[in-house]
Protein chains: 2
Amino acid sequence: MKTMYRTHTCGELNGQHVNEKVTLCGWIQKIRKLGGMTFIDLRDRYGITQLAFNAEQNPDLCKQIEPFGREWVIQVTGIVTERYSKNKNIPTGDIEILVEEIQVLNESLTPPFTIEDESDGGDELRMKYRYLDLRRNPVKNNLMFRHKLGIAIRNYMNNIGFVEIETPFLIGSTPEGARDFVVPSRLTHGEFYALPQSPQTFKQLLMVAGFDRYFQIVKCFRDEDLRSDRQPEFTQVDCEMSFVTQEDILNTFEGLLKYIFKEIKGIDIEPIERITYADAMRFYGSDKPDARFDMRFVELNDVLKHRDFKVFNEAELVVGIVAKGCANYTRKQLDGLTDFVKRPQVGASGLVYVLCQEDGHFKSSVDKFYNQEDLRAVAEKCGAQAGDLILIMAGKTEKTQKQLCELRLEMGNRLGLRKAGEYKLLWVIDFPLLEWDEETQRYYAKHHPFTAPKPEHEAILETEPGKVNANAYDIVINGTEVGGGSIRIHDKNMQKRMFKALGFTEEEAQRQFGFLMNAFQYGAPPHGGIAFGFDRLCSILCDADTIRDFIAFPKNNSARDVMLNIPSPISEAQLKELGLK
Amino acid sequence: MKTMYRTHTCGELNGQHVNEKVTLCGWIQKIRKLGGMTFIDLRDRYGITQLAFNAEQNPDLCKQIEPFGREWVIQVTGIVTERYSKNKNIPTGDIEILVEEIQVLNESLTPPFTIEDESDGGDELRMKYRYLDLRRNPVKNNLMFRHKLGIAIRNYMNNIGFVEIETPFLIGSTPEGARDFVVPSRLTHGEFYALPQSPQTFKQLLMVAGFDRYFQIVKCFRDEDLRSDRQPEFTQVDCEMSFVTQEDILNTFEGLLKYIFKEIKGIDIEPIERITYADAMRFYGSDKPDARFDMRFVELNDVLKHRDFKVFNEAELVVGIVAKGCANYTRKQLDGLTDFVKRPQVGASGLVYVLCQEDGHFKSSVDKFYNQEDLRAVAEKCGAQAGDLILIMAGKTEKTQKQLCELRLEMGNRLGLRKAGEYKLLWVIDFPLLEWDEETQRYYAKHHPFTAPKPEHEAILETEPGKVNANAYDIVINGTEVGGGSIRIHDKNMQKRMFKALGFTEEEAQRQFGFLMNAFQYGAPPHGGIAFGFDRLCSILCDADTIRDFIAFPKNNSARDVMLNIPSPISEAQLKELGLK
């Protein structure tokens, strides 16, 4: 990192450099005065080095640095000296620089927040001055991590024969699914490009073109109302392979994930377990279970529907989980859990508990309806032991599963079972091909309209579309979906049937996806793929809550960049040139 | 590349595999019948393998393949057998597969053009069926090359401490320079994002943020009327460094270029020569000279302005080049050169020649005005020998330089001096900071508004703006600019002066670039960088004429994708949602 401005960085000097004359550049992190000595912590990307100024030996220099403040950029030349009191916490802690010469490269106003690991700046302020926020170690390290992960993924993919191919950003709009960002054409007024939500159709065309193994780390765009942790532009690791079955894809990308965890985190992960979508819903009430802890759902319909308790008797599903060792929960704690499930975000009407007391007795919120025998049967069915707490919910199947899923995760948090630094990966497989939407009274593609039905279900696509499963799969880490994919349709007629099942007219299908169906006429190979959310993968691997801290210049929840203050109006001349009003 | 569909690819079997049972997948390249034998060339990304079918031994199979045609996708199982007549031109040429089983994976219509190295399809047709065009080896190999180059660049940059950071695609519009593509905001009607023409301001912010060494291989967008070899979306290798001088940047990226040539082409390049912008114009009439051959311009004002030849006497510049060994050019050839310079693309009014004959005499098109002595003086000044041809042009300096530049390149072509496979790299340095535009009567930034004047020229920025040079540089390979950059302004006041010199009002500057000038108040380090045209670099390294063949899905000269038929109208509902008419 040596340049005409510096001999070393602020991160590399140590005891071996003592007595060398060096020149460093960087930002002033801190200035301290101690008697006749002044110390400056000089910071650059690589670390911090202490500069020392002795008022007696060098009064002129000390005078020169008097006006200096935080974040000024300076260049110093001096002698590396062993420190009197060493700092074992940093690699340069054994030495300091006895400064002989100093030059101000740029001054700085006092930053609006502290450039420390824990800053005093609020979100909004830090986003407005993102270039200062990025100086903070946690944010800087996140972006360094992202870079390292990108390099690792690219090299791994290259080594196993995948070719990175850039697909276009100015493509056609596809009204299906999420909203597109559009780009007006200047040359043909009234016409538009759209920014890709994913390179899906292009990667399929690349398979038709015979590239066999394609990948790309690529920006994608979705003009959606932003939920807490979405961004209008996000990055995918997009992959596709030819002449493969689901098994090939799962194995190939299990290899990638193993490599990433080993290379980046130093962790040997277990072979990745697989669970069907149906089982994931049944046992965890979610298609992205956090499997770091077990606490599986147990269906209790048969042991709880024989008494006079209407809530259970009328429910489609009665289902419970066991919280190990929680029989000692106080009334207040139990009420707290009830309050939790009653929150609008969960939306349940109530919660039934059974305490399996140490003395073999059971205590429950439905003691009126169920005797000890009944409750023992419940405990047995659940595999609950003395000392455990059983939590039970009931109602419509899907809704109840989702609600109990929330409670399960909450119990995982309370019991410390969702440990940072522990990673549990899961393949969720056998997704349904289609999903019925009550509101619009039609089927939507669960994955996307190019996903192939399982061959054994092809025959019932028209007659029982809701029962058709797909060779579609998600990879889930610690309860977060970080990627998903499927075996694609490669037959023109099958693709037509699929569009029909989704309620497309032939013309609509032809207008929007004609190029793909045309391509399928010219020898499309069997193919499939997967796409990983790169931002998400970064955040999961770093146990972080938000993808925003892994994006250099993110947008806020209103899709604004508050630093640039965009979007913004454009000139009348520009509008006119684009034929827009 | 083994999958559930195949044991090997079509590129890997050889004599060592004889007698193995294998399964291959691929496309039918060719079907030949020879007596009782049928041969199929099966192609995939990795190569071609010959399949053999014996009508006597296996009549059923031969019947099955009867309807097969070009580009059908098949899966075959059979025994690897030594070939009777070997094909030494391909790695699999020693063997063929005696097929036992065959399955059609997909049929194909007859492609609209041949899938051969030299196709019979015209440009338009091949673009419409780009997925078929991409099956052709030359196009496929270009994209493989691009991938390989990308991996090499990323690893080199990573190894020398550069961090790849993704900058946003939805940014603000900057009316300066080329036109932006804009993206209407759905959430705030009447407001727009713009797609970046380059990540220039973001990489500067990353330097302010302290990342020290940044790079990115990234798509950029320019809504310009497309000249022959431009694309509305193109890819840059974008780089920026802190605490550097021009010298550091030239050395760093000379290292990258050396590495690329060695790694990708197996060529050790010479240390890269440097030439000032002024000298490049003086000696080659171009800021991107093709220096594979010398043929430098020689100014002849002092030896040709003393006679009664008005054309020269009234010219600002009389300038010549020497074509070695061309004194034997016929009248017809010489007239051809005159026609060449009179073409509208060159636009000269004429050409003067001097033939330096073997016998020591000179023959010229201006014998009327100049005697043998005069012509000898010209020859001496030019360093021309007996047998050489001197070509002379005259007129306004800049115009004449450009015209003679065209003639020089033409002579280079005619004399075979611009050899494919030979690479001459040049740094062109000391560019002027500003460029006067006659039409709008104002200065424009020669590079961009963030380029710093040379420190010794700072004082005259307001008084003699046309004389200010910049620490700006281009890298030129074989007469094509493949990259350029500069040392940037890092001082808020200097940036203000620069905007003023470019005719920005304070408000305009603040509105468009306020975020950058704000950032400069908080400790911006000295910094500079460079950006390479990645598409261009690919094409130059492969001695190709057009960048289009290195882009998977390019647009045509009207910025249309003829395969997708975009841009295209969007629905009324979409327009309404965006608040557009």
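How each quantity is defined
- Residues numbered from 1 in each chain as written.
- Chains lettered and ligands numbered in written order.
- Predicted model: local features only at pLDDT ≥ 70, side-chain atom pairs only at ≥ 80, totals over all residues.
- Heavy atoms only, no water.
- Helix = DSSP H or I, 4+ residues; strand = E, 2+ residues; numbered from the N terminus.
- Buried < 20%, exposed > 50% of the residue type's maximum accessible area, 1.4 Å probe, protein only.
- Contact = heavy atoms within 4.5 Å.
- Areas by Shrake-Rupley, 256 points an atom, 1.4 Å probe, with all protein chains shown as cover.
- Lys, Arg positive; Asp, Glu negative; His and termini not counted.
- Charge placed at Lys NZ, Arg CZ, Asp CG, Glu CD.
- Buried area = accessible area lost by both parts, 1.4 Å probe.
- Salt bridge = Lys/Arg side-chain N within 4 Å of Asp/Glu carboxyl O.
- Polar contact = N/O pair within 3.5 Å; in protein donor to acceptor, adjacent residues only side chain to side chain.
- Nonpolar A, V, L, I, M, F, W, Y, C, P; charged D, E, K, R; others polar.
- Core = buried A, V, L, I, M, F, W, Y, C linked by side-chain atoms within 4.5 Å.
- Least-squares fit on C-alpha atoms with pLDDT ≥ 70 in both.
- Pairing = 2+ DSSP bridges.
- Axes fitted to C-alpha atoms, helices over the stretch in contact; angles between N-to-C directions.
- pLDDT = per-residue confidence, 0-100.
- Parallel < 35°, antiparallel > 145°, perpendicular 65-115°, else oblique.
- Left-handed = near helix turned anticlockwise from the far one by under 90°.
- Phe/Tyr/Trp six-rings, centres within 6.5 Å; stacked < 30°, edge-to-face > 60°.
- 1 Å grid on protein atoms, 1.4 Å probe; cavity = no way out; pocket = protein on both sides within 12 Å on 5 of 7 lines; lining within 4 Å.
- Points joined across faces, edges and corners; volume = space filled by probe spheres on them.
- Expected span 1.5 Å × (residues − 1).
- Patch = residues over 30% accessible without salt bridge, like charges linked within 9 Å, V, L, I, M, F, W, Y side chains within 5 Å.

Focus on the overall build of chain A
Then step 1. When its secondary structure is counted, chain A shows 16 helices and 22 strands.
Then step 2. Projected onto its principal axes, the C-alpha coordinates of chain A cover approximately 90 × 75 × 50 Å.
Then step 3. The buried share among the 581 residues of chain A stands at 59%.
Then step 4. Within chain A, counting contacts between residues at least 6 apart in sequence, those at least 24 apart form 65% of the total.
Then step 5. Roughly 24,500 Å² of accessible area belongs to chain A as shown, and the carbon and sulfur atoms make up 47% of that amount.
Then step 6. One finds the centroid of the 74 positive side-chain charges in chain A at a distance of 2 Å from the centroid of its 85 negative side-chain charges.

Re the interface of chain A and chain B
Then step 1. Contact with chain A, which involves 120 residues of that partner, is made by 120 residues of chain B.
Then step 2. Interface of chain A and chain B: buried area, both sides summed, is about 10,400 Å²; carbon and sulfur atoms make up 62% of it.
Then step 3. On the surface where chain A and chain B come into contact, there are 10 salt bridges.
Then step 4. Between A:Asp223 and B:Arg186 there is a salt bridge whose closest N-O contact spans 3.1 Å.
Then step 5. Taken together, the links from chain A to chain B amount to 59 residue pairs in polar contact (both at pLDDT 80 or more).
Then step 6. A per-element tally of the side of chain A that touches chain B places helix α4 (residues 137–159) of chain A first, with 9 residues.
Then step 7. Partitioning the side of chain A that touches chain B into residue classes produces 66 nonpolar, 27 polar and 27 charged.

Considerations on the nonpolar core
Then step 1. Of all hydrophobic cores here, the largest spans 222 residues; its most connected members are A:Tyr131, A:Leu149, A:Ile153, A:Phe253, B:Leu149, B:Ile153 and B:Phe253.
Then step 2. The contact partners of A:Leu149, leaving out residues within four places of it in the chain, are A:Ile260, A:Ile264, A:Phe534, A:Leu537, A:Cys538 and A:Leu541.

Considering the relation of the copies chain A and chain B
Two copies of a chain can be linked by a rotation about an axis combined with a shift along that same axis.
Then step 1. With an RMSD of 0.0 Å, the fit of chain A onto chain B corresponds to turning through 180 degrees and sliding 0.0 Å along the axis. The two molecules are tied by a two-fold rotation axis, judged by turn and shift.
Then step 2. Taken together, the interface assignments show that 100% of the residues at the interface of chain A recur at the interface of chain B, consistent with an identical surface on both copies.

Thoughts on the sheet that holds strand β20 (residues 472–477) of chain A
Residues and elements named next belong to chain A.
Then step 1. The 8 strands lie next to each other as β6-β9-β10-β22-β21-β20-β17-β11, forming an open sheet whose pairing is mixed. Edge positions in the open sheet fall to β6 (163–164) and β11 (273–276), since each of these has one partner strand only.
Then step 2. Pairing analysis gives 7 bridges linking strand β10 (residues 233–242) to strand β22 (residues 527–533), with the strands arranged antiparallel. By the bridge assignment for β22, Glu240 is matched with Gly529.
Then step 3. In this fold helix α6 (residues 246–265) packs onto β10, β11, β17 (425–429), β20, β21 (480–487) and β22, with an angle of close to 165 degrees to the strand it touches most, β17.
Then step 4. Helix-sheet contacts for helix α15 (residues 534–541) involve β9 (213–221), β10, β20, β21 and β22, and the interaxial angle to β21 is about 140 degrees.

Quick notes on the pairing of strand β3 (residues 47–54) of chain B
Residue and element names in this part refer to chain B.
Then step 1. The sheet contact formed by strand β2 (residues 37–44) and β3 spans 8 bridges and is antiparallel. Bridge pairing in β3 places Asp41 opposite Gln50.
Then step 2. The turn joining β2 and β3, which pair antiparallel and follow one another in sequence, is formed by 2 residues.
Then step 3. Pairing between β3 and strand β5 (residues 95–106): 2 bridges, direction parallel. Residue pairing for β5: Ala52 is matched across the bridge by Leu98.

With respect to the confidence of the model for chain A
Detailed reading of the predicted model is not advised wherever pLDDT is low.
Then step 1. Residues at a pLDDT of 70 or more form 99% of chain A, whose mean pLDDT is 94.
Then step 2. Interface confidence for the predicted complex, expressed as ipTM, amounts to 0.95; the pTM equals 0.95.

Considering the packing of α4(A) against helix α4 (residues 137–159) of chain B
Then step 1. For the pair α4(A) and α4(B), interaxial distance at closest approach is 11 Å and the crossing angle is 140 degrees. Our classification of the angle between α4(A) and α4(B) gives oblique. α4(A) and α4(B) meet at a crossing whose hand is left-handed. For the pair α4(A) and α4(B), the contacting residues are A:His147, A:Ile151, A:Arg154, A:Asn155 and A:Asn158 in the first and B:His147, B:Ile151, B:Arg154, B:Asn155 and B:Asn158 in the second.
Then step 2. Counted by class, the contact of α4(A) with α4(B) contains 2 nonpolar, 6 polar and 2 charged residues.

Considerations on the environment of A:Ser198
Residue and element names in this part refer to chain A.
Then step 1. Within the secondary structure, Ser198 sits in the loop between β8 (192–194) and α5 (200–208).
Then step 2. Along the chain, Ser198 and Lys219 lie 21 residues apart, while their C-alpha atoms are 8.1 Å from each other.
Then step 3. Ignoring any residue separated from it by four or fewer positions in sequence, one finds Ser198 in contact with Cys220 and Gln236.
Then step 4. For Ser198, the side chain forms a polar contact with the main-chain nitrogen of Gln200, separated by 3.0 Å.

Observations regarding the packing of aromatic side chains
Then step 1. Summed over all chains, the structure comprises 49 aromatic pairs over all chains.
Then step 2. Residues A:Phe450 and A:Phe499 carry aromatic rings whose centres are separated by 6.4 Å and whose planes lie at 90 degrees to one another, so their mutual orientation is edge-to-face. Of this pair, A:Phe450 sits in the loop between β19 (442–445) and β20 while A:Phe499 is found in helix α13 (residues 492–501), placing the two residues 49 residues apart along the sequence. This pair shows no difference in class: A:Phe450 is buried, exactly as A:Phe499 is.
Then step 3. Measuring from ring centre to ring centre gives 6.2 Å for B:Tyr129 and B:Tyr131, while their planes differ by 70 degrees; the resulting arrangement is edge-to-face.

Thoughts on the pattern of salt bridges
All names here are of chain A.
Then step 1. If you walk through the whole model with that rule in mind, you get 86 salt bridges over all chains.
Then step 2. A salt bridge links Asp335 to Arg331; its shortest N-O distance comes to 3.4 Å. Pair noted here: Asp335 and Arg331 are both in helix α10 (residues 331–342), with a separation of 4 residues, about one helical turn.
Then step 3. Relative accessible area serves as the criterion here: at 34%, Asp335 is assigned to the partly exposed category.

Examining empty space enclosed by the protein
The method is simple in principle: a probe with the dimensions of a water molecule rolls over the atoms, and the space it marks as empty is what remains.
Then step 1. This structure, assessed with the given rule, holds 7 cavities of 30 Å³ or more.
Then step 2. Of the voids in this model, the largest cavity is the one considered here, and its volume is about 460 Å³.
Then step 3. Together, 27 residues line the largest cavity, and A:Arg154, A:Ile217, B:Arg154, B:Glu164 and B:Ile217 are the ones closest to its centre.
Then step 4. Put simply, the parts of the chain that give the lining of the largest cavity at least two residues each are α4 and β9 of chain A together with α4 and β9 (213–221) of chain B.
Then step 5. A breakdown of the residues in the lining of the largest cavity according to their chemical character gives 10 nonpolar, 7 polar and 10 charged.
Then step 6. A volume near 140 Å³ is recorded for the second largest cavity.
Then step 7. Surrounding the second largest cavity, 19 residues form its lining, A:Glu166, B:Arg146, B:Lys219, B:Ile551 and B:Ala552 being those nearest its centre.

Re helix α6 (residues 246–265) of chain B
Then step 1. With 20 residues, α6(B) extends 27 Å from end C-alpha to end C-alpha; this agrees with the ideal 28 Å at 1.5 Å per step.
Then step 2. A positive backbone phi angle near 70 degrees is found at B:Gly266, which sits one or two residues after α6(B).

With respect to the packing of helix α13 (residues 492–501) of chain B against helix α14 (residues 506–520) of chain B
Residue and element names in this part refer to chain B.
Then step 1. Where α13 contacts α14, the two axes come as close as 10 Å, and the packing angle between them is 155 degrees. For the element pair α13 / α14, the angle class is roughly antiparallel. As for the relative orientation of α13 and α14, their crossing is right-handed in sense. Across the interface between the two elements, Lys492, Gln495, Lys496 and Phe499 from α13 touch Glu506, Ala509, Phe513, Met517 and Phe520 from α14.
Then step 2. Of the residues belonging to the contact of α13 with α14, the class tally is 5 nonpolar, 1 polar and 3 charged.

Let's talk about the side chain of A:Arg83
Residue and element names in this part refer to chain A.
Then step 1. For Arg83, the position within the fold is in the loop between β4 (73–82) and β5 (95–106).
Then step 2. One buried charged residue, Arg83, forms no salt bridge at all, with the nearest opposite charge on Glu96 at 4.5 Å.
Then step 3. With residues near it in sequence (within four places) discarded, Arg83 still touches Gln50, Ile90, Thr92, Gly93, Asp94, Ile95 and Glu96.

A look at a negative patch on the surface
Residue and element names in this part refer to chain A.
Then step 1. Taken together, the side chains of Glu116, Asp117, Glu118 and Asp120 make up a negatively charged region of the molecular surface.
Then step 2. With respect to the secondary-structure elements, Asp117 resides in the loop between β5 and α2 (123–128).
Then step 3. Classification of Asp117 as partly exposed rests on a relative accessible area of 45%.

Looking at unusual backbone geometry
Then step 1. With an omega of 5 degrees, the peptide bond running from A:Ile566 to A:Pro567 counts as cis.
Then step 2. Residues other than glycine seldom take positive phi values, yet B:Asn19 does so here, at roughly 80 degrees.
Then step 3. Following the sequence through the fold, B:Asn19 ends up in the segment before β1 (21–34).
Then step 4. Judged by relative accessible area, which is 63%, B:Asn19 ranks as exposed.

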